[in-house]
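Below are the chains, spelled out letter by letter.
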Amino acid sequence: MRNSLNNSAAIMGIIALAAAGFATAQEAPKEAAPTAEAAEAAPKADPKETKNDSSYALGYRTGGGFAQEFGRYGVGLDDLEMENFVKGFTAAVKGDRPELADERLQEAMAAFGEMLQAREKELAASNLEAGKKFLEENGKREGVTTTKSGLQYEVLEKGGETKYEAPKEGETAEKQFMVNYKGTLIDGTEFDASPEGSPVPMTLQVVEGFREALTTMPVGAKWKLFIPSELAYGEERRSAEIAPNTTLVFEIELVEIKDAPPAPAGGGFPMPMPQGQ
């Protein structure tokens, strides 16, 4: 577990940042500022309704930021005593000093971090066992192929003949894979998906199991992947849904393979990846 769990100042800072609206799970699209004429003609909003709705909006944004920042550590609402959480939140927004002494806050966060570490260790063992059992049974199903790496896949649509060709020695051409995908856990919980009807571009900078499929399946094919945790994120918690040693399931359709655009000046690739960004 990262050391930031034991740093109460850092955690309080993240909460305050989320409260200010900077950390959000969903960014609202930017709109042009209304003209003076349009503002004059617009109906006057009811102040009480505006306060109610804007309060909900800010709460929603703050909650999204909290889920994004702390979900990756396995922290959820059940871990909070809400009355005290709101008291601390309010004090931070107002700029008041905390009611509890710094030493007590540090001790509480240290104990909280230790509890999370122990819980994650238990969850990792449980997920590993559940994943192995699932894959063992799944591999017996007709139509499911298990590769040497342990990746399992089921062909839903065969596709054509064109496949990925690795660059020849000395070449560095990067390919872009246009795909539709949906990611779920073995219990069916969806954690990620491409926009419906809009293939997204990817490179091979994805988890090992996903990369193996992209470089094996033909264009036009649709496969269902069953990715063991060791070919996914291993013992790393990736999000609130993707805990340590989680087996992942993907439905993936490879629409096209083409040359990737040049990488931006800062490095990396300006494209989404399935829960591994």
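Overview of the structure. (Residues numbered from 1 in each chain as written. Predicted model: local features only at pLDDT ≥ 70, side-chain atom pairs only at ≥ 80, totals over all residues. Heavy atoms only, no water.)

What to know about the overall build of the protein
Here is step 1: If you tally the helices and strands in the protein, you get six helices and seven strands.
Here is step 2: When the helices and strands of the protein are listed from N to C terminus, the series reads α-α-α-α-α-β-β-β-β-β-α-β-β.
Here is step 3: Across the 277 residues in the protein, those meeting the buried criterion constitute 32%.
Here is step 4: In the protein, 73% of the contacts between residues at least 6 apart in sequence involve partners at least 24 apart. (Helix = DSSP H or I, 4+ residues; strand = E, 2+ residues; numbered from the N terminus. Buried < 20%, exposed > 50% of the residue type's maximum accessible area, 1.4 Å probe, protein only. Contact = heavy atoms within 4.5 Å.)

Topic: a nonpolar patch on the surface
Here is step 1: A contiguous nonpolar patch, built from Leu77, Met82 and Val86 and spanning about 290 Å² of accessible area, is present on the exposed surface.
Here is step 2: Looking at where Met82 falls in the secondary structure, it is placed in helix 4 (residues 82-94). (Patch = residues over 30% accessible without salt bridge, like charges linked within 9 Å, V, L, I, M, F, W, Y side chains within 5 Å. Areas by Shrake-Rupley, 256 points an atom, 1.4 Å probe, with all protein chains shown as cover. Salt bridge = Lys/Arg side-chain N within 4 Å of Asp/Glu carboxyl O.)

Focus: the pairing of strand 7 (residues 248-259)
Here is step 1: Summarising the sheet, strand 3 (residues 175-185) and strand 7 pair through eleven bridges and their orientation is antiparallel. Following the sheet pairing, Met178 is matched in strand 7 by Glu256.
Here is step 2: Sheet analysis places strand 6 (residues 222-227) next to strand 7, joined by six bridges and oriented antiparallel. Paired with Ile227 across the bridge in strand 7 is Leu248. (Pairing = 2+ DSSP bridges.)

A word on the packing of aromatic side chains
Here is step 1: Within this structure, the stated rule accounts for ten aromatic pairs.
Here is step 2: An angle of 25° between the planes, with centres 6.4 Å apart, marks the rings of Tyr56 and Tyr60 as stacked. Here Tyr56 pairs with Tyr60, and both are found in helix 3 (residues 47-70), just four residues apart, close to one helical turn.
Here is step 3: For Tyr56, a relative accessible area of 63% puts it in the exposed group.
Here is step 4: Taking relative accessible area as the criterion, Tyr60 reaches 49% and is therefore assigned partly exposed.
Here is step 5: On the basis of an interplanar angle of 85° and a centroid distance of 5.8 Å, the ring pair of Phe66 and Phe85 is categorised as edge-to-face. With a gap of 19 residues between them, Phe66 in helix 3 and Phe85 in helix 4 connect regions that are remote in the sequence.
Here is step 6: Among the residues examined, Phe85 registers a relative accessible area of 24% and is labelled partly exposed.
Here is step 7: Following the ring pairs from residue to residue traces out a cluster consisting of Tyr181, Phe191, Phe210 and Phe250. (Phe/Tyr/Trp six-rings, centres within 6.5 Å; stacked < 30°, edge-to-face > 60°.)

Some details on the pattern of salt bridges
Here is step 1: The final tally for this structure, using the stated rule, is nine salt bridges.
Here is step 2: A salt bridge links Lys87 to Glu99; the nearest nitrogen and oxygen atoms lie 3.5 Å apart. A residue pair is termed long-range when its members are at least 10 positions apart, and Lys87 in helix 4 and Glu99 in the loop between helix 4 and helix 5 (102-138) qualify at twelve residues.
Here is step 3: Arg141 is the salt-bridge partner of Glu154, the closest N and O atoms lying 3.0 Å from each other. Here Glu154, found in strand 2 (residues 152-157), pairs with Arg141, found in the loop between helix 5 and strand 1 (144-146); they are 13 residues apart in sequence, far enough to count as distant.

A few points about unusual backbone geometry
Here is step 1: Its identity as a non-glycine residue notwithstanding, Asn245 has a phi of 60°, on the positive side.
Here is step 2: Positionally, Asn245 belongs in the loop between strand 6 and strand 7.
Here is step 3: Residue Asn245 is classed as buried on the basis of its relative accessible area of 7%.

Notes on the side chain of Ser194
Here is step 1: Structurally, Ser194 is set in the loop between strand 4 (190-193) and strand 5 (200-202).
Here is step 2: According to the relative accessible area criterion, Ser194 is buried, its value standing at 12%.
Here is step 3: Within the structure, the side chain of Ser194 is placed 2.9 Å from the backbone nitrogen of Tyr181, a separation counted as a polar contact. (Polar contact = N/O pair within 3.5 Å; in protein donor to acceptor, adjacent residues only side chain to side chain.)

Overview of the nonpolar core
Here is step 1: Within the largest apolar cluster, 29 residues are counted, with the highest numbers of intra-cluster contacts made by Val179, Phe210, Leu214, Leu225, Ile227 and Leu248.
Here is step 2: Those elements giving two or more residues to this core turn out to be strand 3, strand 5, helix 6 (208-214), strand 6 and strand 7.
Here is step 3: If sequence neighbours within four positions are ignored, Leu248 has contacts with Thr184, Leu185, Phe191, Leu225, Phe226, Ile227, Ala232, Tyr233 and Ile242.
Here is step 4: The next biggest cluster of nonpolar side chains, apart from the first, holds seven residues, and it includes Phe66, Tyr73, Met109 and Leu116. (Core = buried A, V, L, I, M, F, W, Y, C linked by side-chain atoms within 4.5 Å.)

A few points about the pairing of strand 3
Here is step 1: In terms of burial, strand 3 is largely enclosed, as nine of its eleven residues are buried.
Here is step 2: Of the strand pairs in this sheet, strand 3 and strand 5 are connected by three bridges, and their pairing is antiparallel. What sits directly across from Phe177, in strand 5, is Met202.
Here is step 3: Both strand 3 and strand 4 contribute to a ladder of three bridges, which runs antiparallel. What sits directly across from Thr184, in strand 4, is Glu190.
Here is step 4: Hairpin remark: strand 3 followed by strand 4, antiparallel, with four residues in the connecting loop; positive phi at Gly188, about 95°.

Scope: geometric values only; no functional claims are made or implied.
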